[in-house]
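Observations on chain architecture
Given next are the chains, with one letter for each unit.
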Amino acid sequence: ADRTRSVISFYGQDVAIEASSAFMQRASAELTKKPLAFHYGKKGGEITELQGQIRHEMIDVISGIGFDLVPAIVSSVAIITYLVVIDWRLALSLGSGIIVYVAYTAWMTPKVIESQKARNAAQRKFGSFGWDSLRNILVVKSTTNEPLVASTLADYSVEYMRAVRADARIDRGVMNTQNAIIAASSFATILIAAQSISAGTSTYGRLTAVTAYIFAIFGYIRFIQWQIRALIRMSASHATVSALLAEPAEDFTSGREARLTGAIEFKHVRFRYREDRSALEDVTFAVKAGEHIAIVGESGEGKTTLVDLLGRYYEPQSGAMRFDGVDAKEINLSSLRSQMAYVPQDITLFHETLGFNIRYGRPGATMEEVREAARLAHLNDFIAKLPDGMDTLVGERGLKLSGGERQ
C-alpha cells in the first residue's frame, strides 16, 4: 500500500508540474500580446511574483486533488455505506455532520478567498519592490539609496505580516468551527452506538469498529479540508491572473499585409496618456519615402510618443496615420512592425549571449548572417576581444556592455 501510494504521489507530482508549466507557458505568451499601455501600467516584478505563486499553488492542488483527494472521498463514501449496513442511524448522524461541515465551509469560502487575495496582494507588493530594486540596482547605488530600499522593504513587510495575521484569524475561526462540527458529529455517533449496546442490539466490538471508522472518516475529512484550503488559495491567485489575461490583447490577425516604401503622413493626430494631460495635439506632417528626418524638441514634448504611435504601440484618440497612403489601422500589425527598426534611448537586452541578442530581430538568421550584422554594426573588433566571442553573456538587461555597445 505504501509503495502504491508512493508511486501515485510521484506520478501525481510529475503531472502537476507538467500541467502548471503548460499553464504558465500559455499565460506568459498571452501577456506578451497585451498592448504597451498594459505593461507600462503594471509592475513587472508583481506579475513575476504572481506567476511563481500560482505555479506552486497549482502543483499542490493538482497533485493533491487529482491523486490524494479522490481516494479520500472514495474511502469516506465506503465507510458511510458500511455504517448504513450496520445501523442507518449511525450513517445518518455521521452523514449529517459531514453535510453541515461542507455547507459551513462553502458558506465561508467567499470570505476566505477575499482574505487570501488581500494576503497575496501584500505578498506581491513586498516581493515586487525587492525585485524592482535589484533590477534597477545601478540607480539604487548611484543615488546611495540602499537605506531607502531597506526601510521601504521593512514597511512592506509590516503590511504583509498584517495581512498574514488577518488571514490567519479568519482561517483559525473557520478551523475551530469545523473542528466543533466534527466533535459534535463524532460524539452523537458514538452515543448512538453506545445506546445500541445498552439496548442489546449491538456489541462492544461493533462500538470499537464504529469509533475507528469515525476517526478514519474525519481524518479523511480533515485531509479534504486541507486540500480545499489549497484550492481556495489557488482560486484567489487564479482569479487575479484571469483578470490580467482577460484584458484586451493587440490584434495581430486583421488588416492586410503591406510592403512599405517609407512614406508617412500624420493628419491632425491627437494623443493623451491621461485626459487631463496632452502629449500630442493636432500634429500634421508628411515624410516622403527615402527621406531622413530628425524630430527635435525639449524633454516631454512628445518625441517618443510620436515614435510609439508610428509602431502603433499606442493608438491616437483622433486624427489619422498613413503609410504609403494607407491608413495604419488597415495594415496588419505584425506586417507593420516587422518593417521597422526601433532603437530607443534606454537599450535593454536579454540576459543571453551576444549571438542570441543579435539574432533576436530575425530568429531564423544563420550564423553567417549574424556575423554580417555584427560587421555592419562595427562590432567585430569588440567581439574579437571577448573570451567567449558570440557566446558571451551580456548580463541582466545588457549591463555588462556600455550604452553604445548595447545600441
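Note: the structure precedes this text.
Residues numbered from 1 in each chain as written. Predicted model: local features only at pLDDT ≥ 70, side-chain atom pairs only at ≥ 80, totals over all residues. Heavy atoms only, no water.

1. Digging into the overall build of the protein chain
Selection rule: By definition, any uninterrupted DSSP run of H or I lasting at least four residues is a helix, any uninterrupted run of E lasting at least two residues is a strand, and each is numbered from the N terminus. Here the globule rule reads 2.2 Å times residues to the power 0.38, and the radius of gyration is calculated from C-alpha atoms. Relative accessible area decides the class of each residue, using a 1.4 Å probe on protein chains only: under 20% of the type maximum gives buried, over 50% gives exposed, and in between gives partly exposed. A contact between two residues is defined here by any heavy atoms of the two lying within 4.5 Å. Residue exposure ignores everything except the shown protein chains as possible cover, and the areas themselves are Shrake-Rupley values with a 1.4 Å probe.
Counting its regular elements, the protein chain contains 13 helices and four strands. For a compact globule of 407 residues, the expected C-alpha radius of gyration is about 22 Å, and the protein chain comes in at 31 Å, more than 25% above that figure. When the backbone C-alpha atoms are referred to their principal axes, the protein chain occupies close to 105 × 55 × 50 Å. The buried share among the 407 residues of the protein chain stands at 35%. Nonlocal contacts in the protein chain, meaning residues at least 24 apart in sequence, comprise 73% of its contacts between residues at least 6 apart. Accessible area for the protein chain stands at about 24300 Å²; split by element, carbon and sulfur atoms hold 59% of it.

2. Structural notes on unusual backbone geometry
In this model, Thr144 sits at a positive phi of 50°, which is unusual for a non-glycine residue. Assignment of secondary structure puts Thr144 in the loop between helix H5 (137-142) and helix H6 (146-198). One non-glycine residue, Arg312, adopts positive backbone phi at about 55°. When you line up the elements, Arg312 lands in the loop between helix H8 (303-310) and strand E3 (318-323). A residue is classified by how much of its surface remains accessible, and Arg312, at 13% relative accessible area, is buried.

3. Some remarks on H8
Taken together, the buried positions of H8 are occupied by Thr305, Leu306, Asp308, Leu309 and Leu310. Packed against the buried residues of H8 are strand E1 (264-271), strand E2 (280-287), E3 and helix H9 (333-338). A positive phi of about 55° marks Arg312, the residue just after H8.

4. Section: the sheet that holds E1
Filter applied, for reference: A pair of strands counts as paired when DSSP detects no fewer than two bridges linking them.
Spatially, E2-E1-E3-E4 is the arrangement adopted by the four strands of the open sheet, whose pairing is antiparallel. Each edge of the open sheet is held by one strand with a lone partner, namely E2 and strand E4 (326-327). With five bridges joining them, E1 and E2 adopt antiparallel strand pairing. Among the inter-strand pairings, Phe266 is bridged to a residue of E2, identified as Phe285.

5. Some details on the side chain of Thr189
Mapped onto the fold, Thr189 is located in helix H6. The exposure class assigned to Thr189 is buried, which follows from its relative accessible area of 0%. Those residues in contact with Thr189 that sit more than four places away from it in its chain are Leu90, Ser93, Leu94, Val210 and Ile214.

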